[in-house]
Amino acid sequence: MHIVVLCKQVPDTESRIKLNADGTGFDMEGIKWILNPYDEYAVEEALKIKEAGKAEKVTVMGLGPDRIVEALRTALAMGADAAVHVKTGEDTGDTSSVAKALADAVKAQDAGLVLAGCRAIDDDMFAVPCMVAEYLGVGQAHVVSKLEVDGGKAKAWRDIDGGAKQVIEMALPGVVTATKGLNEPRYASLPGIMKAKRKPVEVVEPAAGGAKAKLVKCSLPAERAAGRVFEGVESVPEVVRLLREEAKVI
Ligand SMILES: Cc1cc2nc3c(=O)[nH]c(=O)nc-3n(C[C@H](O)[C@H](O)[C@H](O)COP(=O)(O)OP(=O)(O)OC[C@H]3O[C@@H](n4cnc5c(N)ncnc54)[C@H](O)[C@@H]3O)c2cc1C
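Residues numbered from 1 in each chain as written. Predicted model: local features only at pLDDT ≥ 70, side-chain atom pairs only at ≥ 80, totals over all residues.

1. Re the site of the ligand
Rules: For each residue, a C-beta position is placed from the backbone atoms; the residue is near a molecule or strand when that point lies within 6 Å of it. A run of H or I in DSSP becomes a helix once it reaches four residues, and a run of E becomes a strand once it reaches two; helices and strands are each numbered from the N terminus.
Thr95, Ala116, Gly117, Ala120 and Asp123 are the nearest of the 30 residues found near the ligand. Those elements giving two or more residues to the shell around the ligand turn out to be helix H1 (37–51), strand S4 (57–64), helix H3 (95–107), strand S6 (113–117) and helix H4 (128–136).

2. Details of unusual backbone geometry
Where we set the bar: Remark: C-beta atoms are placed from the backbone, and a residue is labelled buried if 20 or more other C-beta atoms sit within 10 Å of its own, exposed if 12 or fewer do, or partly exposed between those counts.
Cis geometry is adopted by the peptide bond preceding Pro173, which originates at Leu172 and carries an omega value of 5°. Within the secondary structure, Pro173 sits in the loop between strand S10 (165–171) and strand S11 (174–178). Phi at Asp110 takes a positive value of approximately 50°, unusual for a residue other than glycine. Relative to the elements of secondary structure, Asp110 occurs in the loop between H3 and S6. According to the C-beta neighbour criterion, Asp110 is exposed, with 10 such atoms within 10 Å. Positive phi is not limited to glycine here, since Val143 has a value of about 60°. You can see Val143 is positioned in strand S7 (residues 139–144). C-beta crowding within 10 Å serves as the criterion here: with 20 such atoms nearby, Val143 is assigned to the buried category.

3. So, the nonpolar core
Definition in use: Definition of nonpolar core: a set of buried Ala, Val, Leu, Ile, Met, Phe, Trp, Tyr and Cys residues joined via C-beta atoms within 7 Å. Contacts here follow a simple rule: the backbone-placed C-beta atoms of the two residues must lie within 7 Å.
By size, the foremost hydrophobic cluster in this structure holds 59 residues, and its most contacted members are Val5, Met61, Ala75, Leu102 and Val132. Residue contacts for Val5: discarding those within four places in its chain leaves Asp39, Ala42, Val43, Ala46, Val58, Val60, Met61, Ala75, Ala80, Leu115 and Ala116.

4. Looking at the sheet that holds S10
The cut-off we apply is this: Think of it this way: DSSP has to see at least two bridges between two strands before they count as a pair. Helix axes are fitted to C-alpha atoms over the stretch in contact, other axes to C-alpha atoms as well, and angles between N-to-C directions run from 0 to 180 degrees.
Taking strand neighbours across the sheet as the criterion, the 3 strands line up as S8-S9-S10 in an open arrangement whose pairing is antiparallel. Looking at the sheet topology across the chains shown, the edges are occupied by strand S8 (146–150) and S10. Sheet twist, expressed as the mean angle between neighbouring strand axes with direction ignored, is 15°.

Quick look at the structure:
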């Protein structure tokens with residue numbers, strides 16, 4: 001079986017996010033980019049399935065501009081065999097066009113299983129892999145914390161509200177998305193990083209267009225006022241007054 005893992009490059013959570021001039025996205029200047037943490041779970045699971053002798057090859061696939069190859073190299077350094085770069089500009093289009101382009105590229109790979117993160121930590125749509133499954137016409141198990149793959153079947157466990165579990169069985173090919181708890185992603189070793197530089201990265205150009213929705217506005221939360229420090233027991237009446245009159249919490 002061939003496993004394709006969808007890998008998105010996202011800003012590091014430590015990055016300071018600023019909006020672009022027209023407020024329709026964020027300013028890319030000075031951003032530190034990483035592999036989406038949920039995709040690390042997906043890569044790890046694919047490697048474990050291959051190591052258990054249930055898959056022959058793991059290919060990682062990302063859509064976006066040239067900079068995203070760095071995230072694909074991170075996944076290659078973890079142990080994936082090959083990468084596919086679905087090449088776009090900085091403007092990737094809406095969720096549906098991202099999913100359509102990825103689904104088209106997956107079709108060309110003849111994958112038995114598509115693994116992905118359940119969510120990208122930047123745009124947080126929880127949607128791309130589900131749409132990929134729809135475009136491929138295959139089953140899907142979303143937000144999965146345990147997975148078993150056997151022959152042409154997959155069994156997936158999902159945690160739902162209140163600690164309850166759901167178990168899904170499906171025929172492969174299919175799409176499974178990973179969440180925390182599925183596994184503990186490995187770190188790339190130094191030899192892994194060196195080998196990753198020589199692993200193949202195929203570049204494919206998606207068909208242009210196909211977006212059905214337009215992102216019109218982004219906004220950041222209002223800046224919080226600076227905190228105030230009160231010293232000494234004599235300030236207690238003033239603190240009580242402010243809690244009552246300004247903060248209105250008592
Ligand atoms: C209406 C609308 C318009 C938009 N317009 C633009 C635009 O003009 N320009 C722009 O740059 N963005 C735009 N975006 C954002 C962009 O489309 C999002 O990246 C996309 O919607 C996917 O959402 P997400 O990244 O939150 O993925 P999620 O659905 O949260 O991601 C889940 C998983 O899918 C996989 N995945 C997601 N994206 C990729 C990818 N690119 N490559 C590989 N795997 C992936 C990963 O495994 C990831 O963990 C727009 C979004 C919307 C809703």
